[in-house]
Amino acid sequence: MFDALAERLEDAWKKLRGQDKISKSNIQDALKEVRRALLEADVNLQVVKNFIAEVEKEANGAEVISGVNPGQQFIKIVYDELVKVMGESNVPLAQADKAPTIILMAGLQGTGKTTATAKLALYLQKQQQTCLMVATDVYRPAAINQLLTLGKQINVPVFEMGTDANPVEIARQGIEKAKELGVDTVLIDTAGRLQIDQDMMAELAQIKETVQPHDTLLVVDAMTGQEAANLTRTFHEQIGITGAILTKLDGDSRGGAALSVRQVSGQPIKFVGVGEKVEALEPFYPDRLASRILNMGDILTLVEKAQEEIDLADMENMQSKILEAKFDFNDFLKQMRLLKNMGSLGGVLKLIPGMNKISGADLQKGETQLKRTEAMINSMTKEEKSNPELLAQSPSRRRRVAKGSGFEETDVSKLIKDFTRMRSLMQQMGKGMPAMPGMGGMP
Ligand code: GDP
């Protein structure tokens with residue numbers, strides 16, 4: 001459906017190359033792509049609007065990391081925001097202080113509610129918990145039979161009172177039965193309708209009031225798409241949910257409903273259903289679904305790579321600058337940042353032959369020097385950064401930089417002197433990268 005989202009984002013972002021900032025005007029195209037992709041993934045329009053506003057805020061003014069493809073950087077911003085919106089980490093089931101923990105299952109008919117009830121029971125059983133399932137859907141005899149069959153299959157007892165009893169009463173007696181059996185958790189399956197229906201809601205509210213569940217889970221079919229937002233809103237307003245289970249994620253939906261559920265109710269998705277089989281239930285991990293919504297496979301690897309990637313074009317550019325003695329403090333900063341992105345100085349140095357014997361104290365000194373150097377460069381004006389001679393010629397400029405960075409004027413003088421020396425050295429060496437700025441003869 002939007003297989004090409006990643007590519008589209010990169011295209012939209014390509015023109016950012018060589019710019020320092022992601023700005024208001026140059027992100028509009030990319031934002032449009034995100035918006036389209038989310039709508040295609042069936043995320044609710046209002047939810048998309050809020051999301052785009054957040055991404056725009058984050059992206060505005062985010063500095064393009066040197067050596068990183070801006071497209072990838074933008075994808076990371078979108079990805080991070082997706083994870084944030086869906087809840088940063090997995091939220092487990094509620095656990096009662098005193099058994100049994102009561103879990104109420106709610107949702108429309110056909111969403112996979114009954115299946116999810118059995119799936120959860122099996123999941124809990126695997127964690128050495130005992131369960132009882134309660135069948136309250138008296139409107140469809142098939143529903144009770146379905147739960148009985150599933151119960152047999154996974155070896156979990158089912159409490160039912162046929163189709164003539166009152167659902168609220170069944171639920172109440174179900175809890176009594178659970179206490180009597182001494183099970184850890186009782187799962188109450190409820191009746192669903194094809195549409196939201198006030199009788200159904202009233203009954204659900206009454207059951208909830210009676211059994212006082214620790215968790216009220218709304219079962220949402222991932223294929224529901226746009227409707228997921230309204231559905232969640234209604235259930236949350238009228239019943240009050242504490243979480244959701246997103247089913248049928250094995251289908252070809254992108255899972256955009258997850259975004260809606262979380263945004264509309266503020267409640268976490270706790271599990272996802274990934275198949276018809278009773279084993280097909282997984283705890284919900286927002287990062288995995290974010291990858292799926294962006295359709296980028298293992299985006300985590302990509303993002304990590306993006307952060308580490310060294311932009312070769314940038315490097316070549318740097319090299320020609322060195323040869324022409326145009327290497328300035330901006331390039332110098334870029335190199336320092338690159339070094340920082342690669343991890344600790346020690347880690348980087350270890351990779352260089354002959355450098356592995358360097359002592360811990362020397363390393364520490366090197367890192368401190370890098371920090372001092374960066375502080376001083378950051379106190380320079382734009383012109384000074386691109387024209388180091390200005391500082392060489394003007395004591396008052398050097399004094400200002402010293403004051404701004406909290407160092408002595410002699411420190412700044414030494415930086416300028418060392419920098420100039422390094423630059424002419426590099427030029428003499430011709431080829432070869434200025435691999436270790438801030439080291440060697442630097443302050
Ligand atoms: P209920 O009416 O909400 O109780 O829904 P059911 O549990 O009876 O499920 C309705 C249909 O959806 C059944 O055919 C299930 O096998 C199927 N189903 C439930 N969960 C999933 C899932 O995660 N993936 C797939 N592919 N099918 C599912």
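Residues numbered from 1 in each chain as written. Predicted model: local features only at pLDDT ≥ 70, side-chain atom pairs only at ≥ 80, totals over all residues.

As recorded by an unreviewed UniProt entry, the protein carries the name Signal recognition particle protein and is attributed to Stanieria cyanosphaera. According to the UniProt record, the Subunit (unreviewed entry) comment for the protein reads "Part of the signal recognition particle protein translocation system, which is composed of SRP and FtsY." (UniProt positions renumbered as here; feature names shortened; annotations may be inferred.)

Caption draft 1: Geometry of the overall build of the protein. Summing up its helical and strand segments, the protein has 20 helices and 8 strands in all. Across the 443 residues in the protein, those meeting the buried criterion constitute 40%. (Helix = DSSP H or I, 4+ residues; strand = E, 2+ residues; numbered from the N terminus. Buried ≥ 20, exposed ≤ 12 C-beta atoms within 10 Å, placed from the backbone.)

Caption draft 2: Local environment of the site of the ligand. In the region of the ligand, 19 residues are neighbours, and Gly112, Lys113, Thr114, Thr115 and Gly273 sit closest. By residue number, the principal contributor to the shell around the ligand is helix H5 (residues 113-126), which donates 3 residues. When grouped by side-chain class, the residues that make up the shell around the ligand number 2 nonpolar, 13 polar and 4 charged. (Near = placed C-beta within 6 Å. Nonpolar A, V, L, I, M, F, W, Y, C, P; charged D, E, K, R; others polar.)

Caption draft 3: Main features of the UniProt feature "domain: SRP54-type proteins GTP-binding" (unreviewed entry) in the protein. The positions that UniProt labels "domain: SRP54-type proteins GTP-binding" (unreviewed entry) are, in the present scheme, residues 268-281. Taken end to end, residues 268-281 is 0% helix and 43% strand, and its two terminal C-alpha atoms sit 16 Å from one another.

Caption draft 4: Local environment of the sheet that holds strand E1 (residues 101-106). Read from one edge to the other, the open sheet built from 8 strands follows the order E3-E2-E4-E1-E5-E6-E7-E8, with strand pairing classed as mixed. Each end of this open sheet is capped by a strand with a single partner; those strands are strand E3 (158-159) and strand E8 (281-283). With 3 bridges joining them, strand E7 (residues 269-273) and E8 adopt antiparallel strand pairing. The residue of E8 that forms the bridge with Val272 is Glu282. Here helix H6 (residues 141-154) sits on the sheet in contact with strand E2 (131-135), E3 and strand E4 (185-189), set at roughly 165° to E2. Helix-sheet contacts for helix H9 (residues 227-238) involve E1 and strand E5 (215-221), and the interaxial angle to E5 is about 160°. (Pairing = 2+ DSSP bridges. Contact = placed C-beta atoms within 7 Å. Axes fitted to C-alpha atoms, helices over the stretch in contact; angles between N-to-C directions.)

Caption draft 5: Expanded view of the pairing of E7. Within E7, 5 of the 5 residues are buried, which leaves the element mostly enclosed by the surrounding structure. Of the pairings in the sheet, the one linking strand E6 (residues 243-247) to E7 comprises 3 bridges and is parallel in character. Within the sheet, the bridge partner assigned to Ile245 lies in E7 and is Phe271. One crossover worth recording links E6 to the parallel E7 by way of helix H10 (residues 256-265), and it is right-handed. (Right-handed = clockwise from strand over helix to strand, strands pointing away.)

Caption draft 6: Quick peek at the nonpolar core. Core analysis: the largest hydrophobic core is formed by 84 residues, its most contacted members being Met133, Val134, Val186, Leu187, Ile188 and Leu246. When we break this core down by domain, the ones giving at least three residues each are domain 1 (5-88 + 299-308) and domain 2 (101-284). Not counting the four nearest positions on each side in its chain, Ile188 is found in contact with Ile103, Leu104, Met105, Val134, Thr136, Ala171, Gly174, Ile207 and Val211. In terms of nonpolar packing, the next biggest core, distinct from the first, is built from 14 residues, Phe327, Met380, Phe419 and Met426 among them. (Core = buried A, V, L, I, M, F, W, Y, C linked by C-beta atoms within 7 Å. Domains from an automatic or database assignment.)

Caption draft 7: Inspection of unusual backbone geometry at higher detail. Here the bond from Ala99 into Pro100 is cis, since omega is 0°, no more than 30 degrees from zero. Within the secondary structure, Pro100 sits in the loop between helix H4 (70-85) and E1. At Gln128, a residue that is not glycine, the phi angle is positive and equals roughly 65°. On the secondary structure map, Gln128 appears in the loop between H5 and E2. Residues other than glycine seldom take positive phi values, yet Asn155 does so here, at roughly 65°. On the secondary structure map, Asn155 appears in the loop between H6 and E3.

Caption draft 8: Inspection of the environment of Val91 at higher detail. Along the chain, the position of Val91 falls in the loop between H4 and E1. C-alpha separation for the pair Val91 and Tyr285, spaced 194 residues apart in sequence, amounts to 8.9 Å. Every residue in contact with Val91, bar those within four places of it in the chain, is listed here: Gly243, Pro268 and Lys270.

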